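# Remarks on the overall topology
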Amino acid sequence: MSRLNSAISLALGAAFISFAAAANAGIIADDCTGCSIAQIQGMMPECNPGRASARYVSDFAAGRLYLGCYTIDGVKINATNVNKPMTQGQIRYHWYQPDASFQNTFDAYNNVYQNNGHVPRAGSKAYLHVSLTPKINLGADNGYLNAYDTVRASSNNDQVLNWLDSTKFTTENLSSVPGSYPMSPAFTADLVNLMNAISTAIISFNWKITVTVVFDDGSTRDYALGSDGLWKTVANSAKDGHGNPIPEKYDSIANNGSETYSFSGGGPTYDQGNFVNLITLYGVPVTNGSSSGTVYGCVQVGSDHVTCTQAN
């Protein structure tokens, strides 16, 4: 019964977690986007024994997926007299045709790269429209799954993770966020193809994907892919429909210092009650409370004590 919308942000970089949605992604390609052929060669291992030891290296700027290794011909080492120089052999590089399934996965990544100004669309977002029924209904809301539900009950959050692992992305359930930079139909199709390709991929590349799930009431929570190829919740990323952080643990309430929560203006009316219920569960009572106050100031006192005051 619950709807959620998922917003996708892509970022590329060699240091990022590899972009692989499938738990069986067993090969992580090295990336050398924009490298010279000499730099590509420098990343290749010695052939031992042949193709079995060859390495995959991607160059998205060139639109190439390399598979190679090298041999050294004519190397002679004098083991009895170390003072005699070694006879230097000739390095020969051997290039192989990538496996078809690996090439197809690379092509899916590369189409997104090439059709997005040669960069992943940093900060771009898209809605993914799905329907979920909360496993645990926590009451004070509009009946749909929201970020507060996922913080309160791990089984509700598992539903989101399971959906990300198993969903079939289409151009119907993926669309640009209203008011954001619109995605072209071609780019949307490329992104859909990529998201579906990685669900069964054996090879992955040095990309990172972070998904912001936008629930029916406007609350949000972020999810990212781990190095094991599984979706994981981004810590302390949950926000309610007013844009306030939803504390995911006691230490997050005052954010290691102070935090202000405001429930005025737009947003679900039940956000305020959910916040009070949550911090009460964490053992933090609200002081100086008034039935009309909509602003709460939470302060960390000492190393392990938090107080929250409701403004009149």
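Presented here is a report on the structure given in the accompanying data block.

How each quantity is defined
Residues numbered from 1 in each chain as written. Predicted model: local features only at pLDDT ≥ 70, side-chain atom pairs only at ≥ 80, totals over all residues. Heavy atoms only, no water. Pairing = 2+ DSSP bridges. Helix = DSSP H or I, 4+ residues; strand = E, 2+ residues; numbered from the N terminus. Contact = heavy atoms within 4.5 Å. Axes fitted to C-alpha atoms, helices over the stretch in contact; angles between N-to-C directions. Disulfide = S-S within 2.5 Å. Buried < 20%, exposed > 50% of the residue type's maximum accessible area, 1.4 Å probe, protein only.

What follows deals with the sheet that holds strand β15 (residues 286-287). Overall, mixed pairing links the four strands, which are arranged β14-β16-β17-β15 in an open sheet. The open sheet has two free edges, formed respectively by β14 (258-262) and β15, since each of these has just one partner strand. Bridging between β14 and strand β16 (residues 295-301) involves five bridges; their strand directions are antiparallel. For S258, the partnering residue across the bridge sits in β16 and is V299. Relative to β16, helix α6 (residues 270-281) is tilted by about 20 degrees, and along the sheet it contacts β14, β15, β16 and β17 (305-310).

Going through the model one piece at a time under the given rule, you end up with three disulfides. Residue pairing for C32: its cysteine sulfur links by disulfide to C35, the two sulfurs lying 1.8 Å apart. Measuring handedness by torsion sign, the sulfur bridge of C32 and C35 sits at about -85 degrees and is left-handed. Each member of the pair C32 and C35 is classed as buried. Linked covalently through their sulfurs, C298 and C308 form a disulfide whose S-S length is 2.1 Å. Note on the C298 and C308 pair: the S-S dihedral is about 115 degrees, so by sign convention the disulfide is right-handed. Taken together, the positions of C298 in strand β16 and C308 in strand β17 put the pair 10 residues apart, joining distant regions of the chain. Under the relative-accessibility criterion, C298 is labelled buried at 1%.

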